[in-house]
Amino acid sequence: MFKRGSYEAMHKSTKGKKLNIYLNLIIPLIAMVLLLAFALANYNQKNPISSHAILNEKNLQKSSLDAEVGISAIFQPPTETKGYIIELKNEPFLKKSYLGINYKKQLDEEHLAAKQQIENILGKKINVDIKFFGEFQDTFNGITLDISKEECELVKARTNLVKACYPNLKVHTLLDKSISVTGANLAYPNFNLTGKNVVIAVIDTGIDASHESLDDLDDSPETKDPKVIGWKDYVNFKSMPYDDHGHGTHCAGIAAGTGGVPLGTESTQEKPIYRGIAPQAKLVGVKVLDSGGSGTFSDVIAGIEWVIQNKDRYNITLEDIYCL
Ligand SMILES: [Ca+2]
Ligand SMILES: [Ca+2]
């Protein structure tokens, strides 16, 4: 977490204090990169927008309430399934990792026995008559097979290895709904919070500044109002913003994408709004990760230092940066 005081203190402190400050900067950034890499699984280059609400305490209660209403109105329980997930009796490995390799072997044996019993009970062969979708042991102990609910319940009833049956429901990205779910959509009409006069630095794989959500502030070609106002490339040393991976653009969209339509415009079925949390915020791109999404600690540190050194030039606020 960046704090204005931390920046000032950095220049006054001893070497030991400097190290602590660097760690305070680096650790959240690494966490951000790792967690956003997970979000990358849902990345959509054309519509890179998700959401993360930043509302002050006074407004939070009302917004949370409205957001709850929004959630119930927006999310319908998924119904489409792809087989069933069979949860096995033993705890997943991470809950008993202190038992080490012996517990891993116990789980392997449990899976083998369960698969054998499933085949016997259903009279079908896995990978021959039953499609095998996967099996898990670390965070969840179970097997996913292309079987029906009735088949899963039958297996559960006839063996003592099965703890529960779950439908393997299909999930979909809902990036155009996420702003409403977080309540961030209330920030603009109710509190006039749009991110105006805020500059956000995105230290990542770069930013595609030509994307319709990131190419300007008002989504009008009539006005010249670039959103990406600063750029530094520690990978290929190019002078103009780009993103040869996509993750940085995705993050930039979450933070400040305009959605490609003017603020206040309602979404339509043809053109849903993939707007970010602070659509009027400007961006500074700092490329420290390459086209494969990889980089070095040194480049990440360089990127953070560049942002600090150029914060006044671009009016980057360091006291309210939230890492996802
Ligand atoms: Ca635009
Ligand atoms: Ca414009």
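These notes cover the structure that comes with them.

Below, the discussion takes up the overall build of the chain. Secondary structure assignment for the chain yields 10 helices and 7 strands. Taken over 324 residues, the chain has a buried fraction of 31%. Residue pairs in contact within the chain that sit at least 24 positions apart in sequence constitute 76% of those at least 6 positions apart.

A few words now on the nonpolar core. Formed by 29 residues in total, the largest nonpolar core has its most connected members in Ala201, Val202, Ala252, Ala255 and Leu283. Where this core is concerned, the elements lending two or more residues are strand E5 (199-204), helix H8 (247-256), strand E7 (282-287) and helix H9 (297-309). A per-element tally of this core places H8 first, with 5 residues. Here Ala252 is in contact with Val202, Ile207, Leu214, Gly257 and Leu283, once residues within four sequence places are set aside. In this structure, Ile85, Ile118, Ile143 and Ile147 belong to the second largest nonpolar core, which totals 12 residues.

As a further point, take the environment of Leu94. Relative to the elements of secondary structure, Leu94 occurs in the loop between strand E1 (81-88) and helix H4 (101-122). C-alpha separation for the pair Leu94 and Phe140, spaced 46 residues apart in sequence, amounts to 8.7 Å. Sequence-distant contacts of Leu94, defined by excluding residues within four places in its chain, comprise Asp138 and Thr139.

This paragraph deals with the sheet that holds strand E4 (residues 162-169). Pairing is antiparallel across the open sheet formed by 4 strands, whose spatial order is E2-E3-E1-E4. Pairing within the sheet leaves two strands with one partner each, and these edge strands are strand E2 (132-136) and E4. Ignoring strand direction, the axes of neighbouring strands in this sheet form an average angle of 15 degrees. Two elements, E2 and strand E3 (residues 142-145), share 4 bridges in a ladder whose sense is antiparallel. Its bridge partner lying in E3, Gly134 is registered against Thr144. Sitting on the sheet, H4 touches E1, E2 and E3, and the angle it makes with E3 is about 35 degrees.

Residue position: Tyr314 is located in helix H10 (residues 311-314). When the 17 C-beta atoms within 10 Å are taken as the criterion, Tyr314 is described as partly exposed. A sequence separation of 85 residues divides Tyr314 from Ile229, and the C-alpha atoms of the two residues are 7.5 Å apart. With residues up to four places along the chain from it excluded, the contact list for Tyr314 reads Val199, Ile229, Gly230 and Val284.

Each pair of packed helices can be summarised by the angle the axes make with each other and by the distance between the axes. Contact geometry for H4 and helix H5 (residues 149-158): axes closest at 10 Å, N-to-C directions at 110 degrees. As the angle between them shows, H4 and H5 are arranged roughly perpendicular. In this structure, H4 crosses over H5, and the sense of that crossing is right-handed. Contacts from Ile118, Ile121 and Leu122 of H4 reach H5 at Glu151, Leu154, Val155 and Arg158. Split into classes, the residues belonging to the contact of H4 with H5 amount to 5 nonpolar, no polar and 2 charged.

Because each turn of an α-helix spans 3.6 residues, side chains separated by three or four positions in sequence point in the same direction. Spanning 13 residues, H9 covers 18 Å between terminal C-alpha atoms, matching the ideal 18 Å at 1.5 Å per step. All of the buried residues along H9 are Val300, Gly303 and Val307. An end-on view of H9 places all buried positions within 60 degrees of arc, on one side of the element. Pointing more than 90 degrees away from the buried face of H9 are the exposed residues Phe297, Ser298 and Gln309.

The next thing to look at is H4. An ideal rise of 1.5 Å per residue puts 32 Å on 22 residues; H4 measures up with 32 Å between its terminal C-alpha atoms. Those residues of H4 that fall on the buried side of the exposure criterion are Leu107, Ala114, Lys115 and Ile118. Within H4, the buried residues cover an arc of 100 degrees as seen down the axis, which keeps them to one side. The exposed residues of H4 that point more than 90 degrees off its buried face are Ile101, Asn102, Lys105, Glu109, Leu112 and Asn120. Residues of H4 that are buried make contact with E1, E3 and H5. Taken from the residues just after H4, Gly123 is the one with a positive phi, measuring 65 degrees.

Cut-offs used in this document
- Numbers given to residues run from 1 along each chain, matching the order in which its sequence is written.
- Throughout, the order in which chains and ligands are written sets their labels, letters from A for the former and numbers from 1 for the latter.
- Since the coordinates come from a predicted model, pLDDT governs what is reported: local features require at least 70, and pairs of side-chain atoms require 80 or more to be given and counted, while whole-chain, interface and lining totals use all residues.
- The secondary structure listing takes helices from DSSP runs of H or I that are at least 4 residues long and strands from runs of E that are at least 2 residues long, numbered from the N terminus.
- Any residue with 12 or fewer other C-beta atoms within 10 Å of its own C-beta is exposed, any with 20 or more is buried, and the rest are partly exposed; the C-beta atoms used are placed from the backbone.
- C-beta atoms are first placed from the backbone for all residues, and any pair lying within 7 Å is then listed as a contact.
- We call a set of buried Ala, Val, Leu, Ile, Met, Phe, Trp, Tyr and Cys residues a nonpolar core when their C-beta atoms link them within 7 Å.
- Only strands that DSSP links by at least two bridges are regarded as paired with each other.
- Lines fitted to the C-alpha atoms define the axes, with helices restricted to the stretch that makes contact. Angles between their N-to-C directions range from 0 to 180 degrees.
- Our angle categories are set so that under 35 degrees counts as roughly parallel, over 145 as roughly antiparallel, 65 to 115 as roughly perpendicular, and the remainder as oblique.
- For any pair of crossing helices, the crossing counts as left-handed if the nearer helix is rotated counterclockwise from the farther one by less than a right angle, and right-handed if it is rotated clockwise.
- Under the scheme applied here, ten amino acids are nonpolar (Ala, Val, Leu, Ile, Met, Phe, Trp, Tyr, Cys and Pro), four are charged (Asp, Glu, Lys and Arg), and all others, including Gly, are polar.
- Under the convention used throughout, the expected extent of a helix is 1.5 Å for every residue step, that is, one less than its residue count.
- Regarding the arc, it is the one traced by the directions from the helix axis to the C-beta atoms.

Remember that the coordinates give geometry; whether it matters functionally is a separate question.
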